[in-house]
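Chain and residue survey
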There are 2 protein chains.
Amino acid sequence: MKPNIKDIARHAGVSPTTVSRVLNNRGYLSQKTKDKVHQAMKDLNYFPNELARSLFKQKTNLIGLIFPTTSNPFFGELIFHIENSFSSKGYKVLLCNSLNRVDKEMAYLDMLQRNQVDGIVVGAHNRHIRQYESMHLPVVAIDRNLSDSIPVVSSDNYLGGKIATEHLLNKGCQKIIHINGPHELETPANKRREAYEEVMMKEDRSPITYELRESLNKNYTKTVINQLFDEHPDVDGIFASDDLIAAAVISEAKKRGMNIPKELKIIGYDGTESVKTCLPELTTIQQPIQAIAQSAVNVLIQQMGGEKSIENIVLPIQLIKGFTT
Amino acid sequence: MKPNIKDIARHAGVSPTTVSRVLNNRGYLSQKTKDKVHQAMKDLNYFPNELARSLFKQKTNLIGLIFPTTSNPFFGELIFHIENSFSSKGYKVLLCNSLNRVDKEMAYLDMLQRNQVDGIVVGAHNRHIRQYESMHLPVVAIDRNLSDSIPVVSSDNYLGGKIATEHLLNKGCQKIIHINGPHELETPANKRREAYEEVMMKEDRSPITYELRESLNKNYTKTVINQLFDEHPDVDGIFASDDLIAAAVISEAKKRGMNIPKELKIIGYDGTESVKTCLPELTTIQQPIQAIAQSAVNVLIQQMGGEKSIENIVLPIQLIKGFTT
DNA sequence: AATATCATGTCAACGGGTTGACACACCAAA
DNA sequence: TTTGGTGTGTCAACCCGTTGACATGATATT
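For clarity, every value in this text was computed on a predicted model and none was experimentally measured.

How each quantity is defined
- Residues numbered from 1 in each chain as written.
- Chains lettered and ligands numbered in written order.
- Predicted model: local features only at pLDDT ≥ 70, side-chain atom pairs only at ≥ 80, totals over all residues.
- Heavy atoms only, no water.
- Near = heavy atom within 4 Å.
- Polar contact = N/O pair within 3.5 Å; in protein donor to acceptor, adjacent residues only side chain to side chain.
- Helix = DSSP H or I, 4+ residues; strand = E, 2+ residues; numbered from the N terminus.
- Nonpolar A, V, L, I, M, F, W, Y, C, P; charged D, E, K, R; others polar.
- Contact = heavy atoms within 4.5 Å.
- Buried area = accessible area lost by both parts, 1.4 Å probe.
- Salt bridge = Lys/Arg side-chain N within 4 Å of Asp/Glu carboxyl O.
- UniProt positions renumbered as here; feature names shortened; annotations may be inferred.
- Pairing = 2+ DSSP bridges.
- Axes fitted to C-alpha atoms, helices over the stretch in contact; angles between N-to-C directions.
- Least-squares fit on C-alpha atoms with pLDDT ≥ 70 in both.
- Buried < 20%, exposed > 50% of the residue type's maximum accessible area, 1.4 Å probe, protein only.
- Right-handed = clockwise from strand over helix to strand, strands pointing away.
- Core = buried A, V, L, I, M, F, W, Y, C linked by side-chain atoms within 4.5 Å.
- Domains from an automatic or database assignment.
- Parallel < 35°, antiparallel > 145°, perpendicular 65-115°, else oblique.
- Left-handed = near helix turned anticlockwise from the far one by under 90°.

Another point: the protein's contact with DNA strand C. Of all residues adjacent to DNA strand C, which total 28 residues, the nearest are A:I5, B:T18, B:Y28, B:S30 and B:T33. The separation between a phosphate oxygen of DNA strand C and a polar main-chain atom of B:S15 is 3.0 Å. Sorting the residues of the surface near DNA strand C by element identifies α2 (16-24) and α4 (50-57) of chain A together with α2 (16-24) and α4 (50-57) of chain B as the ones contributing at least two each. Grouping the amino acids of the surface near DNA strand C by side-chain chemistry returns 12 nonpolar, 12 polar and four charged.

Across the boundary between the two partners, chain A contributes 55 residues, which contact 55 residues of chain B. Both faces combined, the contact of chain A with chain B buries some 4,800 Å², and carbon together with sulfur accounts for 57% of it. Where chain A touches chain B, the interface holds two salt bridges. A:K218 is paired through a salt bridge with B:E273; the nearest N and O atoms lie 3.3 Å apart. At the junction of chain A and chain B, the tally comes to 26 residue pairs in polar contact (both at pLDDT 80 or more). For the side of chain A that touches chain B, the secondary-structure elements that each account for two or more residues are α4, α5 (73-88), β2 (92-97), α6 (102-114), α11 (243-255) and α12 (273-278) of chain A.

Moving on to the protein's contact with DNA strand D. The environment of DNA strand D is formed by 27 residues, the closest being A:T18, A:Y28, A:T33, B:I5 and B:Y46. A breakdown of the atoms of DNA strand D within 4 Å of the protein gives sugar and phosphate a share of 71%. Within the side chain of A:Y28, a nitrogen or oxygen atom sits 2.6 Å from a phosphate oxygen of DNA strand D. Here a phosphate oxygen of DNA strand D and a side-chain polar atom of A:Q58 are 3.1 Å apart. Taken together, the elements giving at least two residues each to the surface near DNA strand D come down to α2 and α4 of chain A together with α2 and α4 of chain B. Class assignment of the residues belonging to the surface near DNA strand D gives a composition of 11 nonpolar, 12 polar and four charged.

Our focus in this paragraph is the UniProt feature "domain: HTH lacI-type" (unreviewed entry) in chain A. The positions UniProt marks with the feature "domain: HTH lacI-type" (unreviewed entry) are residues 3-57 of chain A. End-to-end, the C-alpha atoms of residues 3-57 of chain A are 21 Å apart, and along that stretch the chain is 71% helix and 0% strand.

Adjacent strands of a sheet form backbone hydrogen bonds with each other and so pair up, either parallel or antiparallel. Residue and element names in this part refer to chain B. Strands sit in the order β7-β6-β8-β9-β10-β12 across an open sheet of six strands; the sheet is mixed. Two strands in the sheet have a free side with no partner beyond their single neighbour: β7 (208-211) and β12 (318-320). In this sheet, neighbouring strand axes are inclined to one another by 20° on average, regardless of whether the strands run parallel or antiparallel. Here strand β6 (residues 176-180) runs beside β7; their pairing, made up of four bridges, is parallel.

In the superposition of chain A on chain B (RMSD 0.1 Å, axial shift 0.0 Å), the rotation amounts to 180°. Both copies are brought into coincidence by an operation consistent with a two-fold rotation axis. No C-alpha of chain A lies nearer the rotation axis than that of A:L94, which sits 2.4 Å from it. Most of the interface of chain A is mirrored in chain B, where 100% of its interface residues again form contacts.

Residue and element names in this part refer to chain A. Here strand β10 (residues 283-286) shows two buried faces, one formed by T283 and I285 and the other by T284 and Q286. By the bridge criterion, four bridges tie strand β9 (residues 265-270) to β10 in an arrangement that is parallel. In the sheet register, G268 faces β10, and the bridge partner there is T284. Tracing the backbone out of β9, into α12 and back to the parallel element β10 gives a crossover that is right-handed.

What follows covers the pattern of salt bridges. Residue and element names in this part refer to chain A. Under the counting rule described, the total for this entry stands at 26 salt bridges over all chains. A salt bridge links D7 to R10; its shortest N-O distance comes to 3.4 Å. Pair noted here: D7 and R10 are both in helix α1 (residues 5-12), with a separation of three residues, about one helical turn. On the basis of relative accessible area, R10 is assigned to the exposed category, the value being 61%. With a shortest N-O distance of 3.2 Å, D234 and K175 are connected by a salt bridge. On the criterion of sequence distance, the pair formed by D234 in the loop between α10 (218-231) and β8 (237-240) and K175 in the loop between α8 (157-170) and β6 (176-180) is long-range, its members being 59 residues apart.

With that settled, consider the nonpolar core. In a soluble, globular protein the nonpolar side chains are often hidden away together inside. Membership of the largest hydrophobic core comes to 79 residues, with the highest contact counts inside it found for A:F229 and B:F229. If you look at the next biggest cluster of nonpolar residues, it comprises 49 residues, including A:F74, B:L65, B:F75 and B:L315.

The assigned domain composition of chain A is domain 1 (5-48), domain 2 (58-153 + 290-314) and domain 3 (157-288). A straight line from the C-alpha centre of domain 1 of chain A to that of domain 2 of chain A covers 37 Å.

Here we come to the packing of α5(A) against helix α13 (residues 289-304) of chain A. All names here are of chain A. Where α5 contacts α13, the two axes come as close as 8 Å, and the packing angle between them is 45°. With respect to their mutual orientation, α5 and α13 come out oblique. As α5 packs across α13, the resulting crossing turns out to be right-handed. Between α5, through F74, E77, L78, H81, I82, S85 and F86, and α13, the contact on the second element is made entirely by I289, Q290, I292, A293, Q294, V297, L300 and I301. Looking at side-chain class alone, the contact of α5 with α13 contains 10 nonpolar, four polar and one charged residues.

Okay, here's the thing in structure tokens:
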């Protein structure tokens, strides 16, 4: 079967301890011995068993990632950068698609702890999962408030909401409606709505918000959008809390023969590469996805190193002007 | 520190063996004892150490996924379905973004073997990595030819290429050009080009193919597309080997003021949910992403169960008629 | 009263690598 | 000659849970 350290020792004519010393570069070693051992590892196609190492070292270099779904380009891109960054630092990544479902999220949390991950990056969270608080494990959240003791990395959602709303106002919209995801997701993204509402109030307009309770269900999204158009035929500005929603709005509006941006102006949120490629004309608020990933990784590594700074990190956003406003 | 099985035993007033018996549901156990043990596990916040279990059992239930990048919606969606399916069957998934880079792919391969994965799903591969052949590990490939002994799951690329080309011909295109990814990726997707070329030849037209050597580089893609338009101002049909390329073509064509579909017809490939949301008007060949994922998972699990069937699986594709042709 | 089944305990080996303690041999510098 | 660095070996304990062997009661069945 698979060779172990003893097989290598035998084949190289040295002791198992020496092989271990070579693997970990400990103590005094002659070049000759190193070469012999490396040759033996090649000959026998040997791979050191990380399970055994991790077990002893009490460190796995394993990180859990909990996100709604890699299907969504925003998370897909975020996860790409996170994995990339961890990988370059010697960590490995266990992927969990929670689909915003409480049962899944809890099962994954359990699984990750059984597997002795060194830390977790969470970009998905349902209210009332209190596990995170009692967990003696480094955790960093992206765009979610998990508990007071867990640092959050996010972009400036309030400013993003403010800029988006103001942009529509500047473009002359009279009736602006906001569409966003499930409120029950305890996320700082709710600040986009807050900002929208406050800006509207300040301008003496009444804010109207449509909530997509199942943000991942496409047909449902369509239905709600059409409901919006039916209930507010005079809408001339829509601020969608993510680009895919904005895209759906555009496509429904086109079906109704509405002229964008003349009759209806639309601004989205996220600014992923995918959407920028497929829908380059979309005006949107771009999040610095790579920077968010980078920060999350850094914060988690800091925590794993023993530092207890619980400071949240807020990164800048940027208005990308397209042709839908 | 973290409680172990002995701590649980002590706290529950039973022997460690009994705790293990409860965990694995082995031998005779009274309900009372089970309850005591479960209570103790709750009290102490205990998670059985999977490393130790895996080490002994010689099975990790860990699967490695090697793909170019989750940033690309096609892979993002594929990976989502794969992870989902594995997760429901009790497997965990280690994510690797190889970016189509040889060095990365090899490093990941090494890492996965050190971590004792039970199997690997590969959706990325560079020519001349011969590791796969000597690997004594279940492997399944998606859309890549790794070696004769590794089963490949893919959709019907030849038929897809044929249908796409014929569709453009039927729509009256006189000069059809094909754009695809790096030829050096040893992928059955090359059959799309083959089909394109054969259909063209049969119609007595000369096939023209543009190759994007770095399929993940956006600026480069743009450059090549513009080069294409400059070199072939009379092009009136483009078959892009994936939707993102098609999207880029559309956007460059629009910049040049070309009328789609009147002057230029475009068909893409993949038909991901993301692209269908962002660019619903795109005509494309849709791959059955979920079915591909499902098949890959099944084939791998079969292999891990000891079966040695090396049959390739080809799944049906579908023409989605939009408004770009 | 004898036997079978149930319930639990003790003990040791095992999976594979790590590490500290200690011994021994060699070689070079002081 | 002594001292100290270098190079390697032996050995045992450890990480944590699993498993098989074996023993001992308790309870139920015949």
